[in-house]
Amino acid sequence: MQKLFCVGPVEMDREILQYGEGALPYFRTEEFSALNLEIERGLKELVYTKETSKVALLTASGSGAMEAAVVNLFDAKDKVLIVAGGGFGERFVQLCVMYGIAHTVIRLNQGQALLPEHLEAYKNQGYTGLLLNAHETSTGVYYDLKMAGEFCRREKLVFVVDAISSFLADPYFMDEWHVDLTIISSQKGLALPPGLSVIVANEGCAERIAAMPVKSFYFDLNQYFINMERGQTPFTPAVGILLQLHARVKQILEQGVATVIHHTHEMADDFRRQLQGMPLSIPSESLSNALTPLRPTGKHTAWEIFLRLKEEHGLIVCPSGGACKDTLFRVGHIGCLTKADHDLLIEALRAL
Ligand SMILES: *Cc1c(COP(=O)(O)O)cnc(C)c1O
C-alpha cells in the first residue's frame, strides 16, 4: 500500500473512484450532453465566473491545455510577458518559442514571490498578454493573481492563468481578478485520474479566440466552445473521467468550494506546524496550500529522503528533477488526505 503526498495524481475519494469502475456509456447522446452541461455550469461556479464564459473539456494532460491556450490566443503579431519561476513557467516559454510568439520572460529565482515592480517595469510597452502559473508547482511558489490581474486590466493584456495546481487549494476568483482564461487539469486539486483538462474563457476572450485563425487541428478551442453549446466535444472525450468529474463537481458544490479550500489550508498548516525543529527548511516566500517545498538541512539529500520514505514506509512525496534533485522535495496537501496521514509522514521524517 502506498500513500500519495504528491500533487498529481493524488489520493482519490472512494466514492469518486467508484464512478470510474463501471462500463462506459456511449457519449453522443442527450443524456451525456446533459451531464457535460452540468459539468460546465458547475466549473464556472467553482472558478467564480459569469454564465457567459465558455468551457472547453480537453482530453489531454495539463500541458495540452497550456498549449491550446497559447496557440489559440496569440500569434506573431502579439508580444507576451511570461513569469517563469520554475519548470512550469519555462513550459510557457517553450510554447511561445515553438509557435513564434514574441515574448519577454520575467525570470524569478527559486522561491521568489512576484512583486508589483516585476510587472510595472513592462507597462506601456505594447504587450498583449501575460502568461502566469498561479502556483509554480516545481518550486512551490504562489503568485499574487489579484495584483497581476489589476496590472493586466490597466494595461489591457489578455491574462492567462494556469491554475492547475492551485485550483481548489487556494481561493480563486476568475472574474474579480480579471483573469481572461483559466487552465485546470483533472489530476491535481480535483483529485481525478490524469487525462482531462479544462479551459474556461470569459466572453471577450472567447470572442478573440473565435476571431483568430488557429494553427492546430486538435486544439482548435473555438470548435470546443461551439460543440459545448449542445454539451458535446469535437472528438471522443475521456468518457470515464467525465463521469467522475461530474460526481466530483457535484460533491464540491454540496460541500461548498470554500470548505474544500479551507480543508486543504488546515492540512498544509498542520503539516508545517509539525515540521518545527526538524532539519528541513521551506524555501519559498509565498506558499500555496497545495504543497510544501522542503530543503533538507541535515544529513540526507532530498532524493535520499524521497527514496527512503517510498521504500521503507510506502509514503510517496514529490522528488524534484534537474538541478534541484538533491536540494528540494515537495509534500502535497491536495487529494483525499487526513491529519492522520500527515502524522504518519511526520513520524517517518523524524525517524530518518
Ligand atoms: C501539473 C501541472 C501542469 C500540467 O502538467 P501535465 O503533466 O501536463 O498534466 C501544468 N502547470 C502546473 C502549474 C502544474 O502543476
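Being a predicted model, the structure only gives us computed values, none of them experimental.

1. Let's talk about the site of the ligand
The environment of the ligand is formed by 13 residues, the closest being Ser61, Ser63, Thr137, Asp162 and Lys188. In the model, an oxygen atom of the ligand is placed 2.5 Å from a nitrogen or oxygen of the serine 61 side chain. Residue lysine 188 places a side-chain N or O atom 2.7 Å away from an oxygen atom belonging to the ligand. Here the ligand loses 88% of its free accessible area of 380 Å² to cover by the protein chains. Counting only elements with at least two residues in the shell around the ligand, the list comes to helix H3 (62-73) and helix H4 (87-98).

2. Here's the deal with the nonpolar core
One recurring pattern in soluble globular proteins is that nonpolar side chains are buried together. Formed by 58 residues in total, the largest nonpolar core has its most connected members in Leu57, Leu130, Leu145, Phe159, Tyr172 and Leu245. In terms of residue count, helix H9 (residues 239-255) provides more of this core than any other element does, eight residues in total. Those residues within four positions of phenylalanine 159 in sequence are excluded, and the remaining contacts are Leu130, Leu132, Leu145, Ala148, Gly149, Cys152, Trp177, His178, Val179, Asp180 and Leu181. By size, the runner-up hydrophobic cluster in this structure holds 33 residues, among which are Val70, Phe92, Val158 and Phe219.

3. Some points on unusual backbone geometry
Here glycine 8 and proline 9 are connected by a cis peptide whose omega angle stands at -10 degrees. Along the chain, the position of proline 9 falls in the loop between strand S1 (3-5) and helix H1 (14-18). The phi dihedral of alanine 191 falls on the positive side, at around 55 degrees, and the residue is not glycine. Mapped onto the fold, alanine 191 is located in the loop between strand S9 (181-185) and strand S10 (197-201). Here alanine 191 falls in the buried class, since its relative accessible area comes to 7%.

4. Here's the deal with the sheet that holds S10
In spatial order, the strands read S2-S10-S9-S8-S5-S3-S4; together these seven strands make up an open sheet with mixed pairing. Taken across any chain shown, the strands that pair with only one partner, and hence form the sheet edges, are strand S2 (54-58) and strand S4 (102-107). Taking the axes of each pair of neighbouring strands and ignoring which way they run, one obtains an average angle of 15 degrees across the sheet. Along the sheet, helix H7 (residues 203-211) makes contact with S2, strand S8 (158-162), S9 and S10, crossing S10 at roughly 105 degrees.

5. Some details on the packing of H3 against H4
Remark: H3 packs on H4, axes separated minimally by 10 Å, with the N-to-C direction vectors making an angle of 45 degrees. With respect to H4, the element H3 is oriented oblique. H3 and H4 meet at a crossing whose hand is right-handed. Contacts between H3 and H4 involve Ser63, Met66, Glu67 and Val70 from the former and Phe88, Arg91, Phe92, Leu95 and Cys96 from the latter. Its residues placed into classes, the contact of H3 with H4 shows six nonpolar, one polar and two charged.

6. Regarding the pattern of salt bridges
Inspection of every chain in the model, using the stated rule, returns 12 salt bridges. One salt bridge connects glutamate 229 with lysine 54, and the closest N-O pair in it is separated by 3.2 Å. Taken together, the positions of glutamate 229 in the loop between helix H8 (221-228) and H9 and lysine 54 in strand S2 put the pair 175 residues apart, joining distant regions of the chain. In this structure, the salt-bridge partner of arginine 273 is aspartate 269, at a minimum N-O distance of 3.5 Å. Taken together, the residues arginine 273 and aspartate 269, both in helix H10 (residues 257-274) and four residues apart, mark about one turn of the helix. One salt-bridge network, in which partners are shared between bridges, spans Glu120, Lys123 and Arg154.

7. Observations concerning the side chain of histidine 246
Note on placement: histidine 246 falls in helix H9. Residues contacting histidine 246, with those up to four places away along its chain left out, are Leu35, Glu38 and Ile39.

8. Some thoughts on the environment of aspartate 220
Looking at the element boundaries, aspartate 220 is found in the loop between H7 and H8. Residue classification places aspartate 220 among the buried residues on the basis of a relative accessible area of 18%. In this structure the C-alpha to C-alpha distance between aspartate 220 and asparagine 72, which are 148 residues apart in sequence, comes to 6.9 Å. When sequence neighbours within four positions are dropped, the list of residues in contact with aspartate 220 reads Asn72 and Val214.

9. Some details on the sheet that holds strand S12 (residues 291-296)
The three strands lie next to each other as S11-S12-S14, forming an open sheet whose pairing is antiparallel. In this open sheet, the two strands that pair with only one neighbour each are strand S11 (280-281) and strand S14 (329-332). Note: S12 against S14, four bridges, orientation antiparallel. Bridge pairing in S14 links leucine 294 to phenylalanine 329.

10. Quick notes on H4
Across its 12 residues, H4 extends 16 Å between first and last C-alpha, which sits within 8% of the 16 Å expected from 1.5 Å per residue. All of the buried residues along H4 are Gly89, Phe92, Val93, Leu95 and Cys96. The arc enclosing the buried residues of H4, seen along the axis, measures out at 160 degrees, which places them on a common side. Of the residues in H4, the exposed ones pointing more than 90 degrees away from the buried face are Gln94, Val97 and Met98. The positive-phi residue at the C-terminal boundary of H4 is glycine 100, with phi of around 65 degrees.

11. Re the state of the cysteines
If you walk through the whole model with that rule in mind, you get zero disulfides. For the unlinked cysteine cysteine 6, the closest cysteine sulfur is that of cysteine 318, found at 4.4 Å. When its relative accessible area of 9% is taken as the criterion, cysteine 6 is described as buried. Residue cysteine 96 stays outside any disulfide, its sulfur separated by 14 Å from that of cysteine 152, the closest cysteine.

Calculation rules
Residues numbered from 1 in each chain as written. Predicted model: local features only at pLDDT ≥ 70, side-chain atom pairs only at ≥ 80, totals over all residues. Heavy atoms only, no water. Near = heavy atom within 4 Å. Polar contact = N/O pair within 3.5 Å; in protein donor to acceptor, adjacent residues only side chain to side chain. Areas by Shrake-Rupley, 256 points an atom, 1.4 Å probe, with all protein chains shown as cover. Helix = DSSP H or I, 4+ residues; strand = E, 2+ residues; numbered from the N terminus. Core = buried A, V, L, I, M, F, W, Y, C linked by side-chain atoms within 4.5 Å. Buried < 20%, exposed > 50% of the residue type's maximum accessible area, 1.4 Å probe, protein only. Contact = heavy atoms within 4.5 Å. Pairing = 2+ DSSP bridges. Axes fitted to C-alpha atoms, helices over the stretch in contact; angles between N-to-C directions. Parallel < 35°, antiparallel > 145°, perpendicular 65-115°, else oblique. Left-handed = near helix turned anticlockwise from the far one by under 90°. Nonpolar A, V, L, I, M, F, W, Y, C, P; charged D, E, K, R; others polar. Salt bridge = Lys/Arg side-chain N within 4 Å of Asp/Glu carboxyl O. Expected span 1.5 Å × (residues − 1). Arc of directions from axis to C-beta. Disulfide = S-S within 2.5 Å.

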